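The primary structure of each chain is shown beneath.
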Amino acid sequence: MVEVQHLSKRYGSVVALDDVSFTASSGEILGLLGPNGAGKSTTMNIITGYLSSSAGTVTVEGIDILSDPIAAKAKIGYLPEVPPLYPDMTVRKYLEFLFDLKRVRLPKADHIKEVMAIVKISEVSERIIRNLSKGYRQRVGFAGALLGNPPVLILDEPTVGLDPKQIIEVRKLIKSLGRKHTVIFSSHVLSEVSAVCDRVVMIHRGKVVADAPIDKLSETVSGGGMLSLEVEGSVSTVRDAIATVYGVRRVAHNVGQSYTVAYDPAIDIRRGVFRALAKADCPILMMNIGGLSLEESFLSLTEGGEGR
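Reading the values: the criteria
Numbers given for residues are sequential positions, taken from 1 along each chain in its written order. The model is predicted, so local features are restricted to residues of pLDDT at least 70 and side-chain atom pairs to those at 80 or more, both for listing and for counting; the totals for chains, interfaces and linings are taken over all residues. With hydrogens and water set aside, each side-chain value is computed from the structure's full complement of heavy atoms. To qualify as a helix, a DSSP run of H or I must reach at least 4 residues; to qualify as a strand, a run of E must reach at least 2; elements of each kind are numbered from the N terminus. Multiplying 1.5 Å by the helix residue count minus one yields the expected span of that helix. Think of it in three bands: with a 1.4 Å probe and only protein chains considered, a residue is buried below 20% of the maximum accessible area for its type, exposed above 50%, and partly exposed in between. The criterion used for residue contact is that any of the two residues' heavy atoms lie within 4.5 Å. The salt bridge criterion pairs a side-chain nitrogen of Lys or Arg with a carboxyl oxygen of Asp or Glu, the two atoms within 4 Å. Geometry of aromatic contacts follows a simple scheme: Phe, Tyr and Trp rings, the Trp one being its six-membered ring, pair when their centres are within 6.5 Å, and the pair is stacked under 30 degrees between planes, edge-to-face over 60, tilted otherwise.

Right, let's get into helix α5 (residues 134-146). End to end, α5 covers 19 Å across 13 residues, agreeing with the expected 18 Å (1.5 Å per residue, within 8%). The element α5 is extensively covered by neighbouring structure, given that 10 of its 13 residues are classed as buried. For α5, the complete set of buried residues consists of G135, Q138, R139, V140, G141, F142, A143, G144, A145 and L146. Against β6 (76-79), α3 (91-102), α4 (108-119), β7 (152-156) and α6 (164-177) lie the buried residues of α5.

What follows is the structure in structure tokens.
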């Protein structure tokens, strides 16, 4: 388990993180999501002990990362976006080197063999790392993170630069690792977060703007019911017409003719929306009751849409 409480990080007058709190439970794959510069990497670097926080605490399996960094780091397997590999070593020699560096207290040969089997690199164990494909080098990075069987895995953009087949394989690997480890996983690819993670924490401008299971995210964003629409007409006319309907809480224009409407779930607004748009001479091309997609939720939280 990883507990992040009231975490803040400042660089002079610049606030990188502002009172960030969340918990990643044992056996959970937590997605850390946000636009560039949101504070994801800063958060992960503080969790792993590479950075110190300006305020707040991080505990890993109950151990504070600042007060006892050696014990806390022993509980973490970290895979940065670019794995820190030694390209002139063979895969096996590199893992043996890391095993000694981490002071792992397990049978060396058997443990390395087990880890290579988990990430499926046994067949390239005697090859020089520089001669491996990007996908295999990423797997070697995974193997290094798994040495010592740490209960917590921190994965920073683990599929960047991989081809579609390799991405699918890495996703499957992460899902399988989530059965035995707490996994915190960051990615810019929204479909990947949806496919891999149990829960998502969205960070925007250094603050947590959402923390919910994937299937509950749209309810968290909207605070109630959601109606998806495609409507002809000017954006201002469509928004103004829908906003007059009783029960409507918020109208957001997404792109083109697409709109999402947040409303009081105790009220069926469909007839009212139909009448209001007909009166405004704005034909409805599509109307659908349902939550926001992950992409729409992300845009709503990080851009705010053109709402009222």
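On to the pattern of salt bridges. Under the counting rule described, the total for this entry stands at 10 salt bridges. In this structure, D18 engages K207 in a salt bridge whose closest nitrogen and oxygen atoms are separated by 2.8 Å. You can see D18 sitting in strand β2 (residues 14-24) and its partner K207 sitting in strand β10 (residues 207-213), a full 189 residues away along the chain. Note that R130 is salt-bridged to D88, the shortest N-O span being 2.5 Å. Remark: D88 occurs in the loop between β6 and α3 and R130 occurs in the loop between α4 and α5; sequence separation between them is 42 residues. Where salt bridges share partners, they join E28, R199 and D211 into one cluster.

With that settled, the discussion passes to the packing of aromatic side chains. When we look at a pair of aromatic rings, we describe it by the centre distance and by the angle of the planes. In the structure shown here, the tally under the stated rule is 3 aromatic pairs. For the ring pair Y50 and Y78, a centre distance of 5.4 Å and an interplane angle of 50° mean the geometry is tilted. Of this pair, Y50 sits in the loop between α1 (40-47) and β4 (55-60) while Y78 sits in strand β6, and the two are 28 residues apart along the sequence. On the numbers, 5.5 Å between centres and 80° between planes, the contact of Y86 with F97 is edge-to-face.

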